[in-house]
Amino acid sequence: MNLTELSIKRPSIIIVIFSVLMLGGYFCYTTLRYELLPPMEVPTLVVTTPYPGASPEEVEQSVTKKVEDVVSSLDRVKTVLSQSYEGVSVIMIEFSVGTDIESKEQEAQRKINNILNTLPEDVESPSISKVSPSDRPIVELTIVSSVDAQASFDLVENEILPQIQQIEGIGETRMLGGQKREIQVNVDKNKLIHYGLSLSQVTDVIGNANMDFPTGKVKSREDQITVRMAGKFSSINQIRNLIITTAKGGPIRIQDVADVVDGSADQLSINRFNGQEGIGISIKKQSNANGVTISEELRTKIASIEEKYKAQGVKIIIADDTSEFTLEAADAVTHDLIIAIILVAAVMLLFLHSIRDSLIVLVAIPASLLSTFIAMYAFGYSLNLMTLLAMSLVIGILVDDSIVVLENIHRHLHMGKNKVQATIDGRKEIGFSAMAITMVDVVVFAPITMIDTIIGDVLRQYSVTIVVSTLMSLFVCYTLTPWLASRFGQVTHLSKDNFFHRFLMAFESVIDKLTNWYTNQLKWTLTHKLIMTGIVLGAFVMTGVIMKMGILGQEMVAAGDRGKIQIKLEYDKRTSITENNLRTLEIENYLLAQPEVATVFSNVGGASTSAMVATIGSENKTELTVGLVPVEKRELTSKDFMLNVKKYLEETYSGLEVNSVVIGITQSEEPIQLVLNSENKEELMRSATELAARIKAMPGANDVSVSVEEGSPELAIDIDREKLAQLGLSIGQIGSTLQNAYSGNTDAKYRVGNNEYDINVRLDEFDRSNPSDVEAITFVNNKGEQIALTQFATIKQSSGPSMLERKNRRTSVTLKSNVLGVTSGTLAESINKSLAEKPLAAGVEVRWTGDFERQTESFK
């Protein structure tokens, strides 16, 4: 007894099997998470090592190279990209696809721990984190309140943010903007000189006087009491009245040489939404979390927070929520899926002539799709554009097998056989053909699941969905369809007396004419084999010629248009955050006045909110995320509007560098990225500048940038070591005092209740506002003598790079470019052609990186 006979004679087995499959499929469907695209996993670790106050050169030599040496020895390392900024080292380690990133993270941590004692004393502990292209913020919030700025910051940091972080699935959160309370000890340089004191003495006195000591216990036979010395500051006046020394006949207090202020820390970033300043919160999800569910729970949490802090006037604005676009995209594909089912039903009704037979065939669709959800749940897949697109595509395929089987069953019914016998004979005859139809699809899509590149992560869910659905449709046509046909199948005889039948008869006559025409064409083809062979070969040749012409470009993933653009502004490197803020506010007002603009989310001076890896903020840079009104309410496309804005800003604000991009589906970085390597730094920078100029002149290149830029102003202090030794000072004393003077020392904390605030000791703003102030700074040696910096050092003003880069332990520069009007593959071909015709200087190597490198690997 074969499978079909078993289904017909023992229908209870089939009913139970499909009931379990469909109910299980429905349950799995309710648990699947929504995503825009499948996660594109590039196993990557990021090692971040803070080195406060150090220049990029010092960070590279003392930290970056040492950490590079140990992480490069890890197995399956593909590339190591190092970036040395002022005060921090960032190293990105990319592994081969398929690497167990958890074990590599632990191994990297062990290796780095072994070299901690070789790093400078001021270096903070390195942190290691896993990143992937999908690790980008899913929600951006702006929080405003009616309380003062410091109280608002405390409220968000200590009360609101922890409540948001409790939502299941939320990963990293980052605060943007706000004014944090800080106790500022602004030291007057002239008063230090007058009293013969050094800045380090002030810092040491404050640090030593601000300590709690658990000293032990007083014990007796009956009881015990803990003894604790409470030495923490409990008021600002205690800091002011703190005695530094009793020299010159009387005590010299902190208030004699410094102004102690309960104020705010220097604001390094400013956040605004539609012109309203507030505190921003950027939220990322955990790797396996459901972004849509997080968004729903977050909205509920926001409502409760606003109600809870109603007295403080708290208002939380959702500036951006990627789940909205995800749901819109999923709904659009779902609607297409429903339309496809309706069209398939209509077409089957035309060809099968019977509503009953059409319903029998249509059973294959839910039976196959619901069963597929079980496989998706088991593999950890999600409802995303690729899986939903696969389901839309497979709708027509699912009914193929059942139609073929049902048609042959009808042929046997017309022979006069009973339903059961006609079903068994009809399925037996056509069973191999149905299997062949199915396996053709399986052998096309199954190998795609084995692609071991980043594009494989995108296509794997698409292919598996198609393969599982198609195999389930084969199982349905062997079991469920024959059983339904044996019970409910009937022979339909068309009659001219029935209006619907007359329509079907007219349709049949058209089909007959089409069949006759096709038969004649087939006969001609079979009698003119050489001509037909020539036509087929000509088609292949023309396809190759068209591909060579570059008409069809290449790109990793089509960008799409979400109705959002991102504008990055870079002012002159000397621009302060105050000036940056004023200019940016003008630009925001201009944008909000445009009819195409709905929202403007501003991040002034802060680290990029859209980057996969945490970036370093800069006072002269701003990032604007502009949301446009729906496409039906504007005449311009996102690209055209972006170009108009860019042109206006460049014409209106001289010296302003504007980089703009339409935010697409993937929110990826610049699609064109090349790395130039050379040990000759001067030749490397010259070649990078030359190649950047070439790329700018190419059609389609937009916002070409070079990662390493000269021109960051700096004061270089060259120390005469012999004079320094003669004066009784050390390099350590000089460095720590200068760092204390200009960066400040925040080791001491001021505690209020459960909150701690920095006590920042540094020179008064007036004494650190001009380059000439550096020359006047003084030091005190072990003899108590005051020594000016100019006595043992030469100070000169120069410029240097704001960041140094290394790729695979070699000095490098990365060139990046957005693409506009052409595909990334077309622009890449132009670049490769330019390099072939005119190579760069000897010793300078060029290598593709980023998305285009992965795209090339995937296409291979």
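Residues numbered from 1 in each chain as written. Predicted model: local features only at pLDDT ≥ 70, side-chain atom pairs only at ≥ 80, totals over all residues. Heavy atoms only, no water.

Asker: Teacher, can you tell me more about the overall build of the chain here?
Answerer: Broken down by element type, the chain carries 27 helices and 30 strands. Over its C-alpha atoms, taken along the principal directions, the chain stretches across nearly 125 × 85 × 55 Å. Residues counted as buried form 47% of the 860 residues belonging to the chain. Of the contacts formed within the chain by residues at least 6 apart in sequence, a portion of 77% connects residues at least 24 apart. Of the roughly 42000 Å² of accessible surface on the chain, a fraction of 55% belongs to carbon and sulfur atoms. The centroid of the 81 positive side-chain charges in the chain is displaced by 6 Å from the centroid of its 104 negative side-chain charges. (Helix = DSSP H or I, 4+ residues; strand = E, 2+ residues; numbered from the N terminus. Buried < 20%, exposed > 50% of the residue type's maximum accessible area, 1.4 Å probe, protein only. Contact = heavy atoms within 4.5 Å. Areas by Shrake-Rupley, 256 points an atom, 1.4 Å probe, with all protein chains shown as cover. Lys, Arg positive; Asp, Glu negative; His and termini not counted. Charge placed at Lys NZ, Arg CZ, Asp CG, Glu CD.)

Asker: Where do I start with the nonpolar core in this structure?
Answerer: Burial of nonpolar side chains together is a common tendency in soluble globular proteins. Membership of the largest hydrophobic core comes to 53 residues, with the highest contact counts inside it found for Val344, Met348, Ile365, Leu369, Phe373, Met376 and Ile395. Mapped onto this core, the elements with two or more residues apiece are α11 (322-352), α12 (355-362), α13 (364-379), α14 (385-414), α15 (419-445) and α16 (454-478). Listed in part, the 37 residues of the second largest apolar core include Leu199, Ile254, Ala741 and Val774. (Core = buried A, V, L, I, M, F, W, Y, C linked by side-chain atoms within 4.5 Å.)

Asker: What am I meant to see in the packing of aromatic side chains here?
Answerer: What characterises a pair of aromatic rings is the spacing of the ring centres plus the angle enclosed by the ring planes. Per the counting criterion, the structure on display carries 6 aromatic pairs. Ring geometry for Phe18 versus Phe475: centroids 5.4 Å apart, planes at 20°, classification stacked. Of this pair, Phe18 sits in helix α2 (residues 11-31) while Phe475 sits in helix α16; the two residues are 457 residues apart in sequence, bridging distant segments of the chain. Of the residues examined, Phe475 reaches a relative accessible area of 26% and is grouped as partly exposed. Ring geometry for Phe779 against Phe792: centres 5.8 Å apart, planes inclined by 55°, an arrangement best described as tilted. Of the two residues, Phe779 sits in strand β25 (residues 778-780) while Phe792 sits in the loop between β26 (786-788) and β27 (793-800), which places them 13 residues apart along the sequence. Phe779 sits in the buried class, given a relative accessible area of 2%. On the basis of relative accessible area, Phe792 is assigned to the buried category, the value being 2%. A cation over an aromatic ring shows up here: Arg181 above the ring of Tyr757, its NZ or CZ 4.9 Å from the ring centre. (Phe/Tyr/Trp six-rings, centres within 6.5 Å; stacked < 30°, edge-to-face > 60°. Lys NZ or Arg CZ within 6 Å of the ring centre and 35° of its normal.)

Asker: Would you mind showing me how to read the sheet that holds strand β12 (residues 258-264) here?
Answerer: Strands sit in the order β12-β7-β24-β23 across an open sheet of 4 strands; the sheet is mixed. With one partner strand each, in any of the chains shown, β12 and β23 (749-752) form the two edges of the open sheet. Put simply, the sheet's adjacent strands are angled 25° from each other on average, direction ignored. (Pairing = 2+ DSSP bridges. Axes fitted to C-alpha atoms, helices over the stretch in contact; angles between N-to-C directions.)

Asker: Got a minute to help me understand the environment of Ser200 in this structure?
Answerer: Its place among the elements puts Ser200 in helix α7 (residues 199-208). Overall, Ser200 belongs to the partly exposed group, its relative accessible area being 27%. Between the C-alpha atoms of Ser200 and Leu530, which are 330 residues apart in sequence, the distance is 95 Å.

Asker: Got a minute to help me understand the pattern of salt bridges in this structure?
Answerer: Where charged atoms from two side chains of opposite charge come close, those side chains can pair. Going through the model one piece at a time under the given rule, you end up with 28 salt bridges. Residue Arg751 pairs with Glu756 through a salt bridge whose shortest N-O separation is 3.0 Å. Residue Glu756 is classed as partly exposed on the basis of its relative accessible area of 38%. When salt bridges with common partners are traced through the structure, they connect Arg33, Glu35 and Lys285 into a single cluster. (Salt bridge = Lys/Arg side-chain N within 4 Å of Asp/Glu carboxyl O.)

Asker: Sorry, what's going on with the side chain of Ser7 here?
Answerer: By the element assignment, Ser7 lies in helix α1 (residues 3-9). In this structure Ser7 comes out as buried when scored by relative accessible area, which is 0%. Side-chain polar atoms of Ser7 contact the backbone oxygen of Leu3, separated by 2.9 Å. Excluding residues within four positions of it along the chain, Ser7 makes contact with Ile14, Tyr478, Thr479 and Trp483. (Polar contact = N/O pair within 3.5 Å; in protein donor to acceptor, adjacent residues only side chain to side chain.)

Asker: Help me understand the packing of α11 against α12 in this model?
Answerer: When two helices pack together, their arrangement is captured by the angle between the axes and the distance separating the axes. Running from amino to carboxyl end, α11 crosses α12 at an angle of 135°, the nearest separation of the two axes being 9 Å. In terms of orientation, α11 lies oblique with respect to α12. In this structure, the crossing between α11 and α12 has a hand that is right-handed. On the side of α11, the interface is formed by Ile341, Val344, Ala345, Met348, Leu349 and Leu352, while α12 contributes Ile355, Asp357, Ser358, Val361 and Leu362. Per-class residue counts for the contact of α11 with α12 are 9 nonpolar, 1 polar and 1 charged. (Parallel < 35°, antiparallel > 145°, perpendicular 65-115°, else oblique. Left-handed = near helix turned anticlockwise from the far one by under 90°. Nonpolar A, V, L, I, M, F, W, Y, C, P; charged D, E, K, R; others polar.)

Asker: In this structure, what is going on with the packing of α15 against α16? I would like to understand it.
Answerer: Two numbers describe how α15 lies on α16: the axes approach to 9 Å, and their chain directions differ by 175°. Classified by the angle between their axes, α15 and α16 sit roughly antiparallel to one another. For the pair α15 and α16, the contacting residues are Arg427, Gly431, Phe432, Ala434, Met435, Thr438, Met439, Asp441, Val442 and Phe445 in the first and Tyr462, Ser463, Ile466, Val467, Thr470, Leu471, Leu474, Cys477 and Tyr478 in the second. Looking at the contact of α15 with α16, its residues break down into 13 nonpolar, 4 polar and 2 charged.

Asker: I tried to follow unusual backbone geometry on my own but got confused; where do I start?
Answerer: Negative phi is the rule for most residues except glycine; trans is the rule for most peptide bonds. A positive phi angle is found at Asn274, which is not glycine, with a value near 50°. Within the secondary structure, Asn274 sits in the loop between β13 (270-273) and β14 (276-285). Although it is not a glycine, Asn808 sits at a positive phi angle of roughly 55°. For Asn808, a relative accessible area of 31% puts it in the partly exposed group.

Asker: Looking at this model, I keep getting lost on α7. Mind explaining?
Answerer: An α-helical turn contains 3.6 residues, so a residue and the one three or four places further along point in the same direction. By the burial criterion, the buried members of α7 are Leu199, Val202, Thr203, Val205 and Ile206. Projected down its long axis, α7 shows its buried positions confined to an angular sector of 165°, all on one face. (Arc of directions from axis to C-beta.)

Asker: Mind showing me how you'd approach a nonpolar patch on the surface here?
Answerer: A cluster of nonpolar residues, Met435, Met439, Val440, Val443, Val444 and Leu471, forms a patch on the protein surface that exposes about 490 Å² of accessible area. Per-element accounting of the nonpolar patch gives the leading share, 5 residues, to α15. With respect to the helices and strands, the residue Met435 is situated in helix α15. In this structure Met435 comes out as partly exposed when scored by relative accessible area, which is 33%. (Patch = residues over 30% accessible without salt bridge, like charges linked within 9 Å, V, L, I, M, F, W, Y side chains within 5 Å.)

Asker: Any chance you could explain the pairing of strand β5 (residues 139-144) here in plain terms?
Answerer: For a regular strand, side chains alternate in direction, first toward one face of the sheet and then toward the other. Burial analysis of β5 places 6 of its 6 residues in the buried class, the great majority of the element. By the alternation rule, side chains of β5 split into Val139, Leu141 and Ile143 and Glu140, Thr142 and Val144, which are all buried. Pairing geometry for β5 and β14, over 5 bridges, is antiparallel. Residue pairing in the sheet places Thr142 in a bridge with Gly280 of β14. Strand direction decides the pairing type here: β5 and strand β15 (residues 315-321), joined by 6 bridges, are antiparallel. Its bridge partner being in β15, Leu141 is matched across the sheet by Ile318.

Asker: Quick question: what am I supposed to make of the environment of Ile239 here?
Answerer: Looking at where Ile239 falls in the secondary structure, it is placed in helix α8 (residues 236-240). Under the relative-accessibility criterion, Ile239 is labelled buried at 0%. Taking the C-alpha atoms as reference points, Ile239 and Val185, 54 residues apart in sequence, are found 8.9 Å from one another. Beyond its immediate chain neighbours, meaning those up to four positions away, Ile239 contacts Ile183, Val185, Phe233, Ile254, Val260, Tyr750 and Ile759.

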